[in-house]
Amino acid sequence: QIIHLADYRPTDFVLERVDLTFDLHPTETKVEARLIFHRREGADPKAPLVLDGDELSLSGLLLDQVDVPASQFEATAESLTVRDLPESTPFELTITTVINPEANTQLMGLYRSGGIYCTQCEAEGFRRITYFPDRPDVLAPYTVNIIADKAANPLLLSNGNFLGGAGYGEGKHFAAWFDPHPKPSYLFALVAGDLGLVEDTFVTMSGREVALKIYVEHGKEPRAAYAMDALKRSMKWDEERFGREYDLDIFMIVAVSDFNMGAMENKGLNVFNDKYVLADPEIATDADYANIEAIIAHEYFHNWTGNRITCRDWFQLCIKEGLTVYRDHEFSADQRSRPVKRIAEVRHLKSEQFPEDSGPLAHPVRPTKYREINNFYTTTVYEKGSEVTRMIATLLGRDLFKKGMDLYFDRHDGQAVTIEDFIKCFEDASGRDLTQFSLWYHQAGTPLVTASGTYDAAAKSFTLSLEQMVPATPGQATKEPMHIPLRTALFAADGALLTPTSVTGAELTDDVLHLTARTQTAVFHDIPSRPVLSLNRSFSTPINLQLSQSAKDLALIARYETDHFARWQALIDLGLPNLLQAARDARQGIPVTCDAAFVDALLAAANDESLEPAFRAQALALPSEADIARELGGNNDPDAIHTGRQAILALIAEAGKNIFAALYDNMQTPGPFSPDAASAGRRALRNAALTYLSQSDNAPARAKAAFDAANNMTDLSAALTILAHRFPETAEAKAAIEGFRDRFAGNALVIDKWFAIQAAIPGAATLERIQGLMETPLFKRTNPNRMRALVGTFAFANPTGFGRADGAGYRFLAEEILDIDQRNPQLAARILTSMRSWRLLEPVRADHARSALMQIERAGNLSTDVRDIVDRILKE
Ligand code: ARG
Ligand code: ZN
């Protein structure tokens with residue numbers, strides 16, 4: 001069954017308030033929901049009330065406290081229909097259901113794991129708790145009463161402010177919570193159990209004191225300190241940057257170890273995957289710290305962008321997600337290095353969203369139809385949605401963007417809105433017409449911009465010809481030209497910035513050149529000498545850019561651009577042709593070579609002490625094998641790509657031996673560990689140097705020494721990765737792998753890293769390793785983090801192992817997907833998206849991939865989640 005945006009209509013009944021009582025029990029939790037409704041003005045006076053359910057059974061139904069006769073209602077697992085309801089007066093329905101939290105392996109709705117009751121209701125989990133109008137445009141204040149065994153569940157939490165609690169007899173107690181802010185059901189949360197607490201306070205800009213509480217497993221309290229610090233910085237930043245103040249007396253975060261996603265922004269009670277809360281130097285890498293900071297901020301920022309203002313329907317998901325990702329990106333950029341953050345964002349966008357947007361799962365940022373909403377929590381909605389928001393800020397400039405955001409908060413507080421509402425605020429604030437721009441929400445596919453420049457010395461003008469093409473995507477054969485804001489600069493041969501007196505043929509505001517037609521020619525006047533063009537600075541628009549530039553010009557940008565993102569991009573552009581050619585040569589058995597201009601520019605950047613170490617580390621990280629495959633564009637042989645890339649690494653390693661040795665010595669971080677961005681940058685650069693040194697050594701000794709000397713998880717896991725990936729069969733690697741396991745066997749998050757590092761070992765033998773690992777006691781099939789670490793990493797991040805020529809990797813995945821799907825459809829569907837680029841493989845592998853997908857397709861009892869993905873991936 002397909003849901004269409006065009007079919008949206010408001011409910012017939014308005015929900016006034018919700019009163020829930022949970023009598024918690026591991027296998028028989030009784031839920032009593034008292035819902036007060038009235039018929040919407042203008043609605044059909046005879047229309048029945050139809051509520052959503054999912055695997056529910058009704059055990060009681062009262063209308064205004066009186067039993068409803070069987071003739072007046074109909075209950076199935078999926079819905080509850082009640083007829084003959086009052087035409088104009090409010091009425092109260094009391095619905096009783098009994099649910100089994102222990103048996104809930106989908107981890108949607110109310111579930112219990114590790115002795116903790118917790119909920120996940122977005123997108124449609126609330127209907128697994130009680131019958132309800134489970135859609136985001138139904139907002140109401142909630143009162144929640146929780147009754148539970150006191151010894152096992154000293155903690156009883158829900159949204160909003162704490163009303164009170166008391167004993168309840170028979171070893172039970174109860175607690176009551178009230179959330180005055182009307183909210184949709186997807187933001188409901190309940191947590192009960194026995195957890196440790198870390199407390200702090202925050203004084204808001206208007207002087208209110210907010211109690212901050214982070215709940216983690218007993219004994220892990222010290223590991224929540226960084227998350228708490230990130231939370232306080234997020235609260236402060238949202239006040240300063242967006243004028244947003246927190247609106248309850250208490251803000252709680254609970255970390256749980258079985259969770260389908262990263263985290264969830266439930267009002268006043270965020271629930272987190274513990275991976276994004278717990279950190280200390282022994283267990284967390286610098287990347288973990290950065291993720292924790294970003295996700296804590298993301299969920300907190302949802303309080304305004306998502307909770308106070310929510311989505312009218314799930315098609316509008318990007319209105320909360322794209323915007324909130326933009327906000328968390330800006331936060332991290334302010335907390336850390338802006339250009340380095342931008343580089344990381346673009347790497348992520350290109351490696352995750354670009355393949356989605358160019359393959360069978362491509363969809364607009366604001367889709368118009370879906371079969372399973374859980375499959376639309378995608379990098380297109382999140383990351384491209386963020387890029388589209390960033391472009392609005394680019395088009396309007398900082399002040400008008402702020403004005404538009406203020407208007408949005410003002411105008412729509414307390415509402416469930418659409419993308420059109422959002423865009424209108426920026427039009428009204430700026431007076432700009434954003435009609436063409438809004439195609440970014442509606443047209444899928446990454447635009448391709450082809451550019452070429454010519455200099456006319458006599459006229460002293462530089463002519464830039466631009467052409468845009470938006471590729472066809474599923475359901476969208478033809479496209480309209482988009483509004484593409486290209487940040488642009490011209491540089492002289494000595495690296496000085498050249499400023500034209502005027503530009504004709506295209507609008508230029510500050511450094512933003514507006515491409516709005518299919519083809520356009522911009523002429524820059526009064527340019528004294530042949531300029532070097534820097535186009536799409538800071539990645540101002542998420543496009544593929546085709547612009548051929550000489551190695552000399554790229555080297556100049558890499559050296560002189562004032563926008564450091566553009567410097568990094570120039571280094572990538574210098575390197576990429578070498579990597580592509582290396583893959584082709586390796587496939588033909590031809591020795592791989594590499595342009596000196598690229599190697600020189602790369603080593604110069606690595607060695608440039610005026611640049612931040614984190615930037616230099618980013619420069620040294622070559623495009624991944626998946627990036628190369630995407631750029632090659634078809635008939636891909638993962639082994640050749642791997643071999644070619646390794647050969648380039650070896651050439652750089654050899655040429656830069658002395659530089660890398662010096663960096664390895666100089667980039668130490670003496671003293672106690674600090675997760676700050678500068679120290680993290682030094683570690684990143686040092687570990688990049690170690691990776692190259694281990695290439696030229698061609699021996700495990702140096703990495704093993706680094707492994708033994710490491711005093712933090714960043715260095716330890718970097719050394720383990722080098723050992724396992726480069727020298728998997730050596731005694732040193734084996735000792736490191738075993739030593740790591742024995743040291744961290746009791747820590748699930750670290751053991752996930754141990755599984756993930758091994759799952760990414762290149763080569764055909766890794767499949768057997770993984771199958772062996774699945775037989776060990778450390779493997780836990782029911783834990784999503786563990787499954788993602790082992791099966792997910794293999795499928796997403798190991799092109800040679802997963803894509804081995806005999807197709808065994810794909811067959812393994814098919815079997816795993818079918819198995820996971822029985823317990824946890826959302827997880828199965830997510831991991832299956834790793835197959836989205838199968839058509840880019842060479843014919844033999846593509847055939848194996850297709851057979852594996854068809855094996856899934858043929859299976860009888862697939863979830864809608866997996867059915868939806870496999871159908872779309874296979875569709876011609
Ligand atoms: N809203 C959550 C966040 O972005 C993620 C929820 C994901 N839900 C889902 N059904 N996949 O922080
Ligand atoms: Zn979010």
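Residues numbered from 1 in each chain as written. Chains lettered and ligands numbered in written order. Predicted model: local features only at pLDDT ≥ 70, side-chain atom pairs only at ≥ 80, totals over all residues.

The protein carries the name Aminopeptidase N in an unreviewed UniProt entry, which gives Rhizobium leucaenae as its organism. Listed in UniProt under the heading Cofactor (unreviewed entry), the comment for the protein reads: "Zn(2+)". (UniProt positions renumbered as here; feature names shortened; annotations may be inferred.)

Q: Which residues make up the environment of E507, and what values do they have?
A: Note on placement: E507 falls in the loop between β29 (502-504) and β30 (508-509). According to the C-beta neighbour criterion, E507 is partly exposed, with 13 such atoms within 10 Å. Spatially, the C-alpha atoms of E507 and A551 are 29 Å apart, while their sequence positions differ by 44 residues. (Helix = DSSP H or I, 4+ residues; strand = E, 2+ residues; numbered from the N terminus. Buried ≥ 20, exposed ≤ 12 C-beta atoms within 10 Å, placed from the backbone.)

Q: Describe the UniProt feature "domain: Aminopeptidase N-like N-terminal" (unreviewed entry) in the protein, and please don't skip the residues or the numbers.
A: Here the UniProt-annotated "domain: Aminopeptidase N-like N-terminal" (unreviewed entry) positions come out as residues 20-187. Secondary structure across residues 20-187 comprises 0% helix and 52% strand; the distance between its end C-alpha atoms is 14 Å.

Q: Run through helix α12 (residues 625-632), naming residues and quoting values.
A: Summarising burial for α12: 6 of the 8 residues are buried, a large majority. Buried residues of α12: E625, A626, D627, I628, A629 and R630, and no others. On its buried side, α12 packs onto α4 (338-357), α9 (564-588), α13 (638-655) and α22 (799-802). Note on α12: the residue one or two positions beyond its end, G633, has a positive phi of about 85°. (Contact = placed C-beta atoms within 7 Å.)

Q: Break down the site of ligand 1 for me, citing the residues and quoting the values.
A: Around ligand 1 lies a shell formed by E122, A123, M261, A263, M264, E265, H298, E299, E321, N374 and Y377. Of all the secondary-structure elements, those providing two or more residues to the shell around ligand 1 are β20 (263-264) and α2 (286-301). Of the residues belonging to the shell around ligand 1, the class tally is 5 nonpolar, 2 polar and 4 charged. (Near = placed C-beta within 6 Å. Nonpolar A, V, L, I, M, F, W, Y, C, P; charged D, E, K, R; others polar.)

Q: Outline the packing of α9 against helix α11 (residues 613-620), supporting the account with residue identities and numerical values.
A: The relative placement of two packed helices is expressed as an angle between their axes plus a distance between the axes. With their axes 9 Å apart at the nearest point, α9 and α11 run at an angle of 25° to one another. Classed by the angle they form, the pair α9 and α11 counts as roughly parallel. α11 is crossed by α9, and the crossing has right-handed handedness. Along the contact surface, α9 presents H564, W568 and L571, while α11 presents F615, Q618 and A619. Of the residues contributing to the contact of α9 with α11, the split by class is 4 nonpolar, 2 polar and no charged. (Axes fitted to C-alpha atoms, helices over the stretch in contact; angles between N-to-C directions. Parallel < 35°, antiparallel > 145°, perpendicular 65-115°, else oblique. Left-handed = near helix turned anticlockwise from the far one by under 90°.)

Q: Provide a residue-level description of the sheet that holds strand β4 (residues 49-52), including the pertinent values.
A: Pairing between sheet strands relies on hydrogen bonds along the backbone, with the strands arranged either parallel or antiparallel. The antiparallel open sheet is built from 3 strands, whose spatial order is β4-β8-β7. Each edge of the sheet is formed by a strand with only one pairing partner; in this case those strands are β4 and β7 (73-75). Averaged over neighbouring strand pairs, the angle between their axes works out to 10° when direction is ignored. In the sheet, β7 pairs with strand β8 (residues 79-82) via 3 bridges, with the strands oriented antiparallel. Looking at β8, one finds that E74 is bridged to T81. (Pairing = 2+ DSSP bridges.)

Q: I'd love a proper account of the environment of A566, names of residues and values included.
A: Turning to its location among the elements, A566 is positioned in helix α9. Look at A566 and you get buried, because 23 C-beta atoms sit within 10 Å. As for A566 and I373, which are separated by 193 residues in sequence, their C-alpha atoms are 37 Å apart. Ignoring sequence-local partners within four residues, the contact set of A566 consists of S534, R537, S538, I557 and E561.

Q: Help me get a handle on unusual backbone geometry, residues and values and all.
A: What is expected of a backbone is that most residues other than glycine have negative phi and most peptide bonds are trans. For the bond from E122 to A123, the omega torsion is 0°, close enough to zero to count as cis. Here A123 is to be found in the loop between β11 (116-120) and β12 (140-149). The backbone of S538 sits at a positive phi, close to 55°, despite the residue not being glycine. Tracing the sequence through the fold places S538 in the loop between β33 (532-535) and β34 (544-547). The class of S538 is partly exposed, set by 19 C-beta atoms lying within 10 Å. Despite not being glycine, F539 has its phi angle at roughly 55°, a positive value. With respect to the element layout, F539 can be found in the loop between β33 and β34.

Q: Can you lay out the confidence of the model for the protein for me, pointing to particular residues and giving the numbers?
A: Predicted confidence across the protein gives a mean pLDDT of 98, with 100% of residues reaching 70 or more. Model confidence for the protein, summarised as mean pLDDT per element, is weakest for strand β14 (residues 161-169) at 95 and strongest for helix α7 (residues 439-442) at 99. Here the predicted complex scores 0.99 on pTM and 0.98 on ipTM. (pLDDT = per-residue confidence, 0-100.)

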